[in-house]
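Summary of structural features
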Amino acid sequence: MVNLVAGRVFRKVFLPAPIAAAYTVWRSIAFVWKGVRCLLHRKLEVEVLDALSITASLLRGDYSTAGSVMFLLTVGSLLEEWTRKKSLDDLARSMALNVDKVWVRTPQGEVLVPLTRVHAGDEVVVRSGNMIPLDGTVLEGEAMVNQAALTGEAMPVRKAEGSTLYAGTVVEEGECVFIAKAEGGSNRYDKIVAMIEESEKLKSSTENRALALADRLVPWCLGATVVTYALTRNATRAISCLMVDFSCALKLSMPLAVLSAMRECGNYHITVKGGKYLEALSKVDTIVFDKTGTLTHASPKVVKVVPFSGCDEEEVLKLAACLEEHFPHSMANAVVRAAKERGITHEEMHTEVEYIVAHGIASRVRGERVVIGSHHFVFEDEKCVIPAAEQQKFDDLEPEYSHLYLAACGQLVGVICIADPLRPEARHVLRQLRAIGVTNTVMMTGDSDRTAAAIARQVGIDQYFSEVLPEDKAEYVQKAKAEGHTVVMIGDGINDSPALSAADVGIAINSGAAIAREIADITIKADSLEELVQLKSIANAMQRRVASNYRFVLSFNSALIILGALGILQPATSAMLHNLSTIGISLKSMTNLLPEKTQSQLQQENTKA
């Protein structure tokens, strides 16, 4: 851009008129050829209009106007290229790997090591819900892998011995051991960029409509020129109409408005994977929340361990932590953290672990079947029983806590009471969301009806559903969409993934499971749910700006055409005003969408942090 502007200034100030004119004619060849090529392909697009306006100016000897038109067209092309590259770079970086440690199999057993210490040839273990950190080949085991981030495939792909795994894909079911091919997820960034360049699915319909409208208006601009000349027989008036087109402003301002919105989201720790999701978010009327880690804090805490069947607290927590440590969920993390805080070591005592999504975990310890999970899973699916002499102890468990039930050999051996405190801003955030367009708020959780009802009352949720399975969440989202609602799903766990994928917009909590982040369209850091309000506000403001841009471009350029046809504006003036308006609306489209007060508050928060 600097070189372009400097060159323009140098030619205007220092080049003699004959040399400047010759340079302008030489520069015009490329633009005229683009227009001719469109006509040869029987297309009437913006390039034809550009070529005609430049040619008409040259034939009239108006080299200054021709040079100005070409200069501004080049500026527009440069801004479009910058916009595209910036979008690709931001999006690719937002999807880059966020894996710090991996399980590596050694002769001494599985060891958790930093990703930076993994080398080609090492045997890496990945389980359900884990992101694959490196390219590699499956050595043993079998897994269903979600490769949508790289290939766009909607369904997970089966990977068995000898299959190739790609860094950044996610294990949906099963587990496997693979041999790492390279270090650090090599070429992951390049793969993402290539995937994005080959796919148009992330481009918003707003941008597509702007591009289509720009081309559809070309015949009308050309028609206005012909009609003006036919009625007035005045070439100057006709060229004044020809100097104005709608394409520059439409093709620049719409993508820039979307890019600006995505960049502003980044300022609030929000990653948006495409403009189409912000556009959908502006129309959202229904938001579905997961409870744990979303409406409540992402790091619940074990407050009490209640042993049964003659076990002690340490034994219960040790066994629970041993089972839970392989699965990235906030409840599982709480159990592992509690064991660590109490100095309890939990070496691998179990055989293969089976993870039943939204229910719990099953394994075998010393030949005995051990399960841990929800009330429904342990007592209804697994048919475990409470020791008769301890029924009263079970009935006295505090209802305000969430409970994890641990059973062995079909009998309850312990209950882990977990406090999952509500986010203090949750109720206020829901009120704010209603004020900016959300008419229905829903909470769906696998927790008990008692706990779900208490949370729903505290937050002010319109509807809640308890003890639901992943397919239940996805089914509700699909039903709401079929009824004509635009639906957002917000979650953080593996069990939220089907609903995140089914929703018009899926929003994942950054601290949640890797598969949820990979499937989701938007990721929020969620130090505070206020980010949801900021996200929705940005989406709404983006749509208002887009509508305003449409009105301005169409009305201002139509006025220029009319004034040119009436002879009020000369061709040079018409071109200048048209190009200045294009630059002005483009610069306006790149400004922040939220009020300055909100921006300053953000800066203060970042300074404090």
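Read on for an overview of the structure. All figures in this text were calculated on a predicted structure; none of them were measured in a lab. (Residues numbered from 1 in each chain as written. Predicted model: local features only at pLDDT ≥ 70, side-chain atom pairs only at ≥ 80, totals over all residues. Heavy atoms only, no water.)

Quick notes on the sheet that holds strand β12 (residues 360–365)
With antiparallel pairing, six strands are arranged side by side in an open sheet as β10-β15-β14-β13-β12-β11. Strand pairing shows two members of the sheet lacking a second neighbour, β10 (301–307) and β11 (354–356), which therefore form its edges. Along the sheet, successive strands turn relative to each other by an average axial angle of 20°, direction set aside. Pairing geometry for strand β13 (residues 368–373) and strand β14 (residues 402–408), over four bridges, is antiparallel. Looking at β14, one finds that Ile372 is bridged to Leu406. (Pairing = 2+ DSSP bridges. Helix = DSSP H or I, 4+ residues; strand = E, 2+ residues; numbered from the N terminus. Axes fitted to C-alpha atoms, helices over the stretch in contact; angles between N-to-C directions.)

Some points on the nonpolar core
One finds Leu278, Phe289, Leu295, Ile507, Ile522 and Leu535 to be the most contacted residues of the largest nonpolar core, which totals 43 residues. Listed in part, the 34 residues of the second largest apolar core include Val46, Ala66, Cys221 and Ala565. (Core = buried A, V, L, I, M, F, W, Y, C linked by side-chain atoms within 4.5 Å. Buried < 20%, exposed > 50% of the residue type's maximum accessible area, 1.4 Å probe, protein only.)

What to know about the packing of helix α9 (residues 235–242) against helix α22 (residues 530–565)
Running from N to C, α9 and α22 cross one another at 175°; their axes reach a closest spacing of 8 Å. Regarding the angle of α9 to α22, the classification is roughly antiparallel. Here Arg237, Ser240 and Cys241 of α9 lie close against α22, whose contacting residues are Ile561, Gly564 and Ala565. Of the residues in the contact of α9 with α22, the class split is three nonpolar, two polar and one charged. (Parallel < 35°, antiparallel > 145°, perpendicular 65-115°, else oblique. Contact = heavy atoms within 4.5 Å. Nonpolar A, V, L, I, M, F, W, Y, C, P; charged D, E, K, R; others polar.)

Let's talk about a nonpolar patch on the surface
Residues Met1, Val5, Val9, Phe10, Val13, Phe14 and Leu78 make up a contiguous nonpolar surface patch of roughly 660 Å² in combined accessible area. Ranked by residues supplied to the nonpolar patch, first place goes to helix α1 (residues 2–14) with five residues. Checked against the element boundaries, Phe10 lands in helix α1. (Patch = residues over 30% accessible without salt bridge, like charges linked within 9 Å, V, L, I, M, F, W, Y side chains within 5 Å. Areas by Shrake-Rupley, 256 points an atom, 1.4 Å probe, with all protein chains shown as cover. Salt bridge = Lys/Arg side-chain N within 4 Å of Asp/Glu carboxyl O.)

Comments concerning the side chain of Ser466
Its location among the elements puts Ser466 in the loop between β17 (463–465) and α19 (470–482). One polar contact links Ser466 to Asp449, side chain to side chain, over a distance of 3.2 Å. Setting aside chain neighbours within four positions, we find Ser466 in contact with Thr445, Asp447, Ser448, Asp449 and Ala452. (Polar contact = N/O pair within 3.5 Å; in protein donor to acceptor, adjacent residues only side chain to side chain.)

Let's talk about the packing of aromatic side chains
The final tally for this structure, using the stated rule, is eight aromatic pairs. Seen from their ring centres, Phe10 and Phe14 are 5.2 Å apart, and the 40° between their planes marks the pair as tilted. One end of the pair is Phe10 and the other is Phe14, both in helix α1 and four residues apart, which spans about a single turn. Here the aromatic residues Phe308, Phe379, Phe394 and Tyr405 are joined through ring pairs into a cluster of three or more. Positioned above the aromatic ring of Phe308, the side-chain terminus of Lys393 is 4.9 Å from the ring centre. (Phe/Tyr/Trp six-rings, centres within 6.5 Å; stacked < 30°, edge-to-face > 60°. Lys NZ or Arg CZ within 6 Å of the ring centre and 35° of its normal.)

Overview of the sheet that holds strand β8 (residues 270–272)
Strand order in the open sheet formed by seven strands is β8-β20-β19-β18-β9-β16-β17, with mixed pairing between adjacent strands. Here the strands that pair on one side only, and so sit at the sheet edges, are β8 and β17. Taken over all neighbouring pairs, the strand axes of this sheet differ in orientation by 20° on average, direction set aside. Here strand β19 (residues 505–509) runs beside strand β20 (residues 522–524); their pairing, made up of three bridges, is parallel. Residue Ile507 lies in a different strand from β20, and its bridge partner there is Ile522. Each of β8, β18 (487–491), β19 and β20 is contacted by helix α11 (residues 275–282), which is oriented at about 105° to β19, the strand it contacts most.

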